[in-house]
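Topology and contacts: notes
Given next are the chains, with one letter for each unit.
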Amino acid sequence: MPIDAVKAVAAEPRSAEIAWDHKDIQLYHLGLGAGRPATDPDELRYTLESRLHVLPSFATVAGAGMGVVGGLSAPGIEVDLAAVLHGGQSITLHRPIPVRGEAVSTSRVAAVYDKGKAAILVLRTEAADADGPLWTSDAQIFVRGEGGFGGDRGPSTRLPAPEGDPDLEVELPVREDQALLYRLSGDWNPLHADPEFAALAGFDKPILHGLCTYGMTLKAVVDTQLGGDVSRVRGYSTRFTGVVFPGETLRIRMWRTEGRVQATVTAVERDDAPVLADTVVEHA
């Protein structure tokens, strides 16, 4: 069987040393579209080393770690990458991420769920430095055709739809070259750069990284709902529901409740086609 759930979950975690500095942070932020306008004091927190803070979604690229592809090579897992989709992502922050850091990143398969026609792999990465835990990151990976093995279906990630009109709605343009810049943070999948490869995958042109949209959305929430204070973020989760093409515009709708902001993200030019759903930022 391509996925041996018991073997995958029981496998020893794999650890690697990772490091980053202000250049990695600045490159990541620029890949999310930060720096517009370039001299805006609020944007300089993302682009100027003397004022720099770290958007917590940087955890998904820090040290260009083992990531999703590395997790799919774990013992007990043998899947066709063409059947793999990034279904969701969550991060729990234990404290703010420093601008310069060295840490040990430990990755494992935390769970395998049976959805009938597909399997869900939960790939968990935990990072800690000399002062203790920094973050825990879960990638939910959807593997088509690998369900039906009689395993646990797992928890539902669907959230009730927000009630009433959003408290805030913003539109974010995606630059034509944004995927080319974002991939310099470590995701070199040609799907995001090569038109011929994108065509083989069934797309008219290269698509934006889902984790880029993920980071853009968190930045919008931090900037508009949290006073630009990244240290207030405690957790961030989403479910990927559609693609974004460079050059499109994201529409982000936000609803505030005590200690959290719930959001939806759609593509404006394609009649508000869903992009991110069940998106929640937990905050102090």
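The structure under discussion appears in the preceding block.
Report follows, based on the coordinates. Since the structure is predicted, the reported quantities are computational estimates derived from the model, not experimental observations. (Residues numbered from 1 in each chain as written. Predicted model: local features only at pLDDT ≥ 70, side-chain atom pairs only at ≥ 80, totals over all residues. Heavy atoms only, no water.)

Here's the deal with the layout of surface pockets
- The computed volume of the second largest pocket comes to approximately 240 Å³.
- Residue lining of the second largest pocket: 13 residues in total, with Gly-33, Glu-43, Leu-172, Lys-219 and Asp-223 positioned closest to the centre.
- Those elements that provide at least two residues to the lining of the second largest pocket are strand S6 (168-173) and helix H7 (210-225).
- For the lining of the second largest pocket, the element with the most residues is H7, which contributes five residues. (1 Å grid on protein atoms, 1.4 Å probe; cavity = no way out; pocket = protein on both sides within 12 Å on 5 of 7 lines; lining within 4 Å. Points joined across faces, edges and corners; volume = space filled by probe spheres on them. Helix = DSSP H or I, 4+ residues; strand = E, 2+ residues; numbered from the N terminus.)

Comments concerning the sheet that holds strand S3 (residues 101-114)
- On the basis of which strands lie adjacent, the open sheet formed by ten strands has the order S1-S3-S4-S5-S2-S7-S10-S9-S8-S6 and antiparallel pairing. Whereas interior strands pair on both sides, the edge strands pair on one side only; in this sheet they are strand S1 (14-20) and S6. With strand direction ignored, the average angle separating the axes of adjacent strands in the sheet is 20°.
- Relative to strand S4 (residues 118-129), S3 runs antiparallel, the two being bridged by ten bridges. For Val-112, the partnering residue across the bridge sits in S4 and is Leu-121. (Pairing = 2+ DSSP bridges. Axes fitted to C-alpha atoms, helices over the stretch in contact; angles between N-to-C directions.)

Section: helix H2 (residues 22-31)
- Taken as a whole, H2 has its buried residues at Ile-25, Gln-26, Tyr-28, His-29 and Gly-31.
- Buried residues along H2 sit against S1, helix H3 (41-47), helix H5 (178-182) and H7.
- Positive backbone phi, at 95°, marks Gly-33, one or two positions downstream of H2. (Buried < 20%, exposed > 50% of the residue type's maximum accessible area, 1.4 Å probe, protein only. Contact = heavy atoms within 4.5 Å.)

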